[in-house]
Amino acid sequence: MKKDFLSILDISKGELEQILCEAGQLKTLKKEGKVHDVLRGKNLAMIFEKSSTRTHISFEVGMNELGGHALFLNARDMQIWRGEEIRDTARAASRYVSGLMIRAYKHSTIEEFARHATIPVINGLSDLEHPCQLLADIMTIQEHFGSTRELRVAWVGDGNNVCNSLILSTVLTGMNVTVATPRGYEPAEEIVKKAHAIGGKVTLVRKPEQAVKDADIIVTDTWISMGDDAEREERMRVFRDYTVDATLMRHASPDARVLHCLPAHRGQEIADEVMEGGQSLVWDEAENRLHAQKALLVRMLKK
Ligand code: CP
Ligand code: NVA
């Protein structure tokens, strides 16, 4: 396995399978109340430039359950916020802890940490990707459908970081993704090109109805990601026909399931009736962040 996990494509198909298999085992061990403290003595530093609920809690609890420890570091309280160079922070931190998880505005910030840290670096969300989310999403899909092969996934809304990781993940899972976004809000061109070049299956469309037609899984996310707040008014107008609601769900297979990485904005990208309805898998998806990341941490930090 590579030193760092910055993109969902930093792991191979085989590594993904192993991580998800181990995640399933860790989930069972936890339910049975069994201790599995294989990361005793290991420390994970978690640097956050942006808010977080799930990523913060699941990484901290995950390290704890594995017998290690996690340090929450608000980037605003660190010297990097006052101008200390990333390369210096990365090298100093590498002398203290066994791994770094970073949530940053710019993907290049996390890449720079990874370049200079001698310890593993994990992307806890950037403007380009959210690979840890995809581990949990794929785990949830596998649990529900048994396999990911040839499943049809519809993404409805903003072509954002989570969408980018979903598109790249099709290379590993064999899923087909149809992405419906308004003009100007398509996923990053470099991501779509990369996916196409290495066997990913992604189609871009405009209409949500077209994307969800016969889909097995419908995925959405906020219209206003962290960092996009200045565009709130414009985005609320542009995305108004992109709500995943009961009417849209009627275009999908009756057995289709819905994912949302959370936090959700009911009445915007997802209707309450869908969030709370029988087709929603969002709580299993949120739970699986913990199990999938524990499996990732074991692979990356256990020596
Ligand atoms: N899905 C996710 O990453 O949630 P948080 O922003 O709460 O960490
Ligand atoms: N796309 C969202 C995901 C939050 C987990 C954001 O970047 O804010």
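Everything in this summary refers to the structure shown in the same document. These numbers were taken from a predicted model, which means no experiment stands behind them.

Rules used in this analysis
- Residues numbered from 1 in each chain as written.
- Chains lettered and ligands numbered in written order.
- Predicted model: local features only at pLDDT ≥ 70, side-chain atom pairs only at ≥ 80, totals over all residues.
- Heavy atoms only, no water.
- Helix = DSSP H or I, 4+ residues; strand = E, 2+ residues; numbered from the N terminus.
- Rg over C-alpha atoms; globule rule 2.2 N^0.38 Å.
- Buried < 20%, exposed > 50% of the residue type's maximum accessible area, 1.4 Å probe, protein only.
- Contact = heavy atoms within 4.5 Å.
- Near = heavy atom within 4 Å.
- Polar contact = N/O pair within 3.5 Å; in protein donor to acceptor, adjacent residues only side chain to side chain.
- Areas by Shrake-Rupley, 256 points an atom, 1.4 Å probe, with all protein chains shown as cover.
- Nonpolar A, V, L, I, M, F, W, Y, C, P; charged D, E, K, R; others polar.
- Salt bridge = Lys/Arg side-chain N within 4 Å of Asp/Glu carboxyl O.
- Pairing = 2+ DSSP bridges.
- Axes fitted to C-alpha atoms, helices over the stretch in contact; angles between N-to-C directions.

A word on the overall build of the protein. Regarding its fold elements, the protein presents 12 helices and 9 strands. Computed over the C-alpha atoms, the radius of gyration of the protein is 19 Å, within 12% of the 19 Å expected from 2.2 N^0.38 for a compact globule of 303 residues. Its C-alpha atoms give the protein principal-axis dimensions of roughly 55 × 45 × 35 Å. Out of the 303 residues in the protein, the part that is buried amounts to 56%. Here the contacts in the protein between residues at least 6 apart in sequence split such that 75% fall between residues at least 24 apart.

Residues in contact with ligand 2, as listed here, are L125, N160, N161, D221, T222, S225, M226 and L262. A distance of 2.8 Å separates an oxygen atom of ligand 2 from a polar side-chain atom of N161. Contact distances for ligand 2 include 2.8 Å between a nitrogen atom and a side-chain N or O atom of S225. The protein chains hide 94% of the 270 Å² of surface that ligand 2 would expose on its own. Taken together, the residues of the shell around ligand 2 break down into 3 nonpolar, 4 polar and 1 charged.

Here we come to the pattern of salt bridges. Where side chains of opposite charge bring their charged atoms close, a pairing between them can arise. Overall, the coordinates contain 23 salt bridges when judged by the stated rule. Residue K27 is joined to E143 by a salt bridge in which the shortest nitrogen-to-oxygen separation is 2.7 Å. Of the two residues, K27 is situated in helix α1 (residues 13-31) and E143 in helix α5 (residues 131-145); the sequence distance between them amounts to 116 residues. Using a relative accessible area of 40% as the deciding quantity, one classes E143 as partly exposed. Of the charged contacts in the structure, one is a salt bridge between R266 and E276, with a shortest N-O distance of 2.5 Å. Here R266 is found in the loop between β9 (257-260) and α11 (272-275), whereas its partner E276 is found in the loop between α11 and α12 (282-301), with 10 residues between them in sequence. Bridged by salt links that share partners, the residues D158, D228, E231 and R235 form one connected network.

The parallel open sheet is built from 4 strands, whose spatial order is β2-β1-β3-β4. The open sheet has two free edges, formed respectively by β2 (69-74) and β4 (121-123), since each of these has just one partner strand. Going across the sheet, the axis of each strand differs from the next one's by a mean of 20 degrees, ignoring polarity. When strand β1 (residues 43-48) meets strand β3 (residues 99-103), the two strands line up parallel, connected through 5 bridges.

Interpretation in functional terms is not warranted from these geometric data alone.
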